[in-house]
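Results of the structural survey
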Amino acid sequence: GAVVSQHPSRVICKSGTSVKIECRSLDFQATTMFWYRQFPKQSLMLMATSNEGSKATYEQGVEKDKFLINHASLTLSTLTVTSAHPEDSSFYICSARVPETQYFGPGTRLLVL
Amino acid sequence: DAKTTQPNSMESNEEEPVHLPCNHSTISGTDYIHWYRQLPSQGPEYVIHGLTSNVNNRMASLAIAEDRKSSTLILHRATLRDAAVYYCILTPRGSGGSNYKLTFGKGTLLTVNP
């Protein structure tokens, strides 16, 4: 089956720093990837859609200048949380689209102190 | 977007079958029915999807009502590793690129008792 990886799996950073999270499709190419965020005891919320070679599409209420997305190749999308603050602490999950469905990465736990 | 309704929680015993229901009365004729599950502290895992006919794979079976207004995910023999939140999600068939989105509801928390 299709495998999606994320790196790092867990990151702790100081307030004001930037953090980059990588999402890779390991055995297939994905022109479209998605980034989600999940707060404790809540469901996944879509943040943005990442399209290879073009600008990401952000959901309403998501700051595009704070959450920078780059999809430079068919197997890699990155999410950079700029000037992170404690309220950005969350579980970030990416997914990659295949025909008719999506496969998800294992998630990245971000803790901003 | 067509919405789905699932029970908040269900319980099952190990090695017994589990039937997880999902209502989607406003489903359109071109919507796929997807099921994902999420174990604690992990990303969602694809389980199964279908359009009109019942579907089977190594993980589960998907039974779709004739009018497509409801569906049931069937785990034939529950194990402790099946304890997770199960999400039933509709997506439009044939939508591409940024239009292909999964909207997660609260899902059903399945507890499996040993």
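Residues numbered from 1 in each chain as written. Chains lettered and ligands numbered in written order. Predicted model: local features only at pLDDT ≥ 70, side-chain atom pairs only at ≥ 80, totals over all residues. Heavy atoms only, no water.

Next up on the list: unusual backbone geometry. Residues and elements named next belong to chain A. In the segment running from His7 into Pro8, the intervening peptide bond is cis, with an omega of 0°. Along the chain, Pro8 turns up in the loop between β1 (4-7) and β2 (10-13). A positive phi angle, close to 60°, is found at Lys41, a residue other than glycine. Structurally, Lys41 can be placed in the loop between β4 (32-38) and β5 (45-51). With relative accessibility at 90%, the residue Lys41 sits in the exposed group. (Helix = DSSP H or I, 4+ residues; strand = E, 2+ residues; numbered from the N terminus. Buried < 20%, exposed > 50% of the residue type's maximum accessible area, 1.4 Å probe, protein only.)

Right, let's talk about the sheet that holds strand β6 (residues 61-64) of chain B for a bit. Strand pairing in a sheet takes place through backbone hydrogen bonds and is either antiparallel or parallel in direction. All names here are of chain B. Strand order across the open sheet formed by 4 strands is β2-β7-β6-β5, with antiparallel pairing between neighbours. On the outer flanks of this sheet lie β2 (18-23) and β5 (55-56), each paired with one strand and no other. Both β5 and β6 contribute to a ladder of 2 bridges, which runs antiparallel. The residue of β6 that forms the bridge with Asn56 is Ser61. (Pairing = 2+ DSSP bridges.)

This part takes up the interface of chain B and chain A. Counting residues at the interface gives 20 residues for chain B and 22 residues for chain A. Carbon and sulfur atoms supply 52% of the area that chain B and chain A bury against each other, a total of about 1,700 Å² over both sides. There are 0 salt bridges connecting chain B and chain A. The set of elements that each furnish at least two residues to the side of chain B that touches chain A consists of β3 (31-38) and β4 (45-50) of chain B. Here the side of chain B that touches chain A gets 4 residues from one element, more than from any other, and that element is β3(B). Of the residues contributing to the side of chain B that touches chain A, the split by class is 8 nonpolar, 11 polar and 1 charged. (Contact = heavy atoms within 4.5 Å. Buried area = accessible area lost by both parts, 1.4 Å probe. Salt bridge = Lys/Arg side-chain N within 4 Å of Asp/Glu carboxyl O. Nonpolar A, V, L, I, M, F, W, Y, C, P; charged D, E, K, R; others polar.)

In this structure, Trp35(A), Phe67(A), Leu79(A), Tyr92(A) and Leu110(A) are the most contacted members of the largest nonpolar core, which totals 25 residues. Among the elements of the structure, β2, β3 (19-25), β4, β5, β7 (67-73), β8 (76-81), β9 (90-98) and β11 (108-112) of chain A are those that each provide at least two residues to this core. With 4 residues, β9(A) is the largest single contributor of residues to this core. Residues Ile27(B), Val47(B), Leu62(B) and Leu110(B) belong to the second largest nonpolar core, which totals 21 residues. (Core = buried A, V, L, I, M, F, W, Y, C linked by side-chain atoms within 4.5 Å.)

In this section: the packing of aromatic side chains. All names here are of chain B. The tally for this structure, following the rule as stated, stands at 9 aromatic pairs over all chains. Seen from their ring centres, Tyr36 and Phe104 are 6.2 Å apart, and the 55° between their planes marks the pair as tilted. Taken together, the residues span a long stretch of sequence, with Tyr36 in strand β3 and Phe104 in the loop between β8 (84-92) and β9 (108-113) at a distance of 68 residues. Note on Tyr36: relative accessible area 0%, which makes it buried. Of the residues examined, Phe104 reaches a relative accessible area of 8% and is grouped as buried. (Phe/Tyr/Trp six-rings, centres within 6.5 Å; stacked < 30°, edge-to-face > 60°.)

To continue, consider the state of the cysteines. For the coordinates displayed, the defined rule picks out 2 disulfides over all chains. One disulfide bridge connects Cys23(A) with Cys94(A), the sulfur atoms lying 2.0 Å from each other. The disulfide joining Cys23(A) to Cys94(A) has a torsion of about 80° about its S-S bond and is therefore right-handed. Highlighted residues: Cys23(A) in strand β3 and Cys94(A) in strand β9, separated in sequence by 71 residues. Across the pair, Cys94(A) and Cys23(A) agree in class, each one buried. Sulfur-sulfur distance for the disulfide between Cys22(B) and Cys88(B) comes to 2.1 Å. Across the S-S bond of Cys22(B) and Cys88(B) the torsion is about -85°, and the bridge reads as left-handed. Taken together, the positions of Cys22(B) in strand β2 and Cys88(B) in strand β8 put the pair 66 residues apart, joining distant regions of the chain. Cys88(B) carries the same exposure label as Cys22(B), and that label is buried. (Disulfide = S-S within 2.5 Å.)

This is a description of form; function is not addressed.
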